[in-house]
Amino acid sequence: MDKNKIYLYELLYSALIQIREDAYEKKNKKVFWISNLLHNLPAQLMQDDVDYEKILEKIIKKAEHDKMGEWLNNEIEFIDKSCIKGYES
């Protein structure tokens, strides 16, 4: 695997962990739960046989379990409306 790719994924993972820790200390529940929900995503995306649909399903289930379902649904809706068209081929 490309060394720079590893650096980028690990930096993102580390940043999300640090954000989660800081949010916990400052009692910022929303930021804590968002970073908690997503901090393992970089490691999942780094795999050679990435199943994006399965990863998204796991995130949706975890979000619902952690009472972050509404936040995630709003984010997905926003992405659908404003971003996804730029990536469709």
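Computed from a prediction, not measured in an experiment: that's the story for all the values here.

Scoring rules and cut-offs
- Residues take numbers from 1 onward in each chain, read along the sequence in its written order.
- Totals for whole chains, interfaces and linings use all residues, but because this is a predicted model, local features are given only for residues with pLDDT of at least 70 and pairs of side-chain atoms are given and counted only at 80 or more.
- The basis for the side-chain values is all heavy atoms of the structure; hydrogens and waters are excluded.
- Segments assigned H or I by DSSP are reported as helices when at least four residues long, segments assigned E as strands when at least two residues long, and all are numbered from the N terminus.
- Accessible area is worked out with a 1.4 Å probe on protein chains only. A residue is then buried under 20% of its type maximum, exposed over 50%, and partly exposed in between.
- Only the six-membered ring of Trp is used, alongside the rings of Phe and Tyr, when aromatic pairs are assigned; centres must lie within 6.5 Å, and planes under 30 degrees apart are stacked while those over 60 apart are edge-to-face, with the rest tilted.
- Throughout this description, the term salt bridge denotes a Lys or Arg side-chain nitrogen within 4 Å of a carboxyl oxygen of Asp or Glu.
- What a helix should span is 1.5 Å times the count of its residues minus one.
- What the arc covers is the set of directions going from the helix axis to the C-beta atoms.
- Residues count as neighbours in contact if any of their non-hydrogen atoms are within 4.5 Å of one another.

Asker: Just to check I follow, could you spell out the overall build of the protein chain for this structure?
Answerer: Secondary structure summary: the protein chain contains five helices and zero strands in total. Ordered by position in the sequence, the α and β elements of the protein chain form the string α-α-α-α-α. Along the longest, intermediate and shortest principal axes, the C-alpha atoms of the protein chain span 40 × 35 × 20 Å. A buried classification covers 22% of the 89 residues belonging to the protein chain.

Asker: Help me understand the packing of aromatic side chains in this model?
Answerer: Here the distance between the centres and the angle between the planes together describe a pair of aromatic rings. The full count for this structure, using the stated rule, is two aromatic pairs. When the centroid spacing of 5.1 Å and the interplanar angle of 85° are considered together, the rings of F32 and W33 count as edge-to-face. Judged by relative accessible area, W33 falls into the partly exposed class, the value being 31%. Aromatic rings pair up to connect Y24, F32 and W33 into one cluster.

Asker: Help me understand unusual backbone geometry in this model?
Answerer: Negative phi values dominate among residues other than glycine, just as trans dominates among peptide bonds. Despite not being glycine, K27 shows a phi value in the positive range, around 60°. As for its position among the elements, K27 is in the loop between α1 (3–25) and α2 (29–38). With a phi angle near 60°, K67 is a residue other than glycine that sits in the positive phi range. If you trace the backbone, K67 turns up in the loop between α4 (52–65) and α5 (69–82). Residue K67 is classed as exposed on the basis of its relative accessible area of 75%.

Asker: Please clarify how the pattern of salt bridges should be interpreted in this entry.
Answerer: Note on pairing: side chains with opposite charge can pair once their charged atoms come close. By the definition in use, this model includes three salt bridges. For D22, the salt bridge is made with K26, and the minimal N-O distance between the two is 3.4 Å. Relative accessible area serves as the criterion here: at 59%, K26 is assigned to the exposed category. A salt bridge links E77 to K81; its shortest N-O distance comes to 3.2 Å.

Asker: Sorry, what's going on with α4 here?
Answerer: Each α-helix winds once per 3.6 residues, and so residues spaced three or four apart point in a common direction. Across its 14 residues, α4 extends 20 Å between first and last C-alpha, which sits within 8% of the 20 Å expected from 1.5 Å per residue. Residues of α4 that are buried include every one of I55, I59 and A63, and no others. The buried residues of α4 occupy one face: seen down the axis, they fall within an arc of 70°. Away from the buried face of α4 by more than 90 degrees, exposed residues E53, K58, K61, E64 and H65 are located. Buried residues in α4 make contact with α2, α3 (41–45) and α5. Backbone geometry just after α4 places K67 at a positive phi near 60°.

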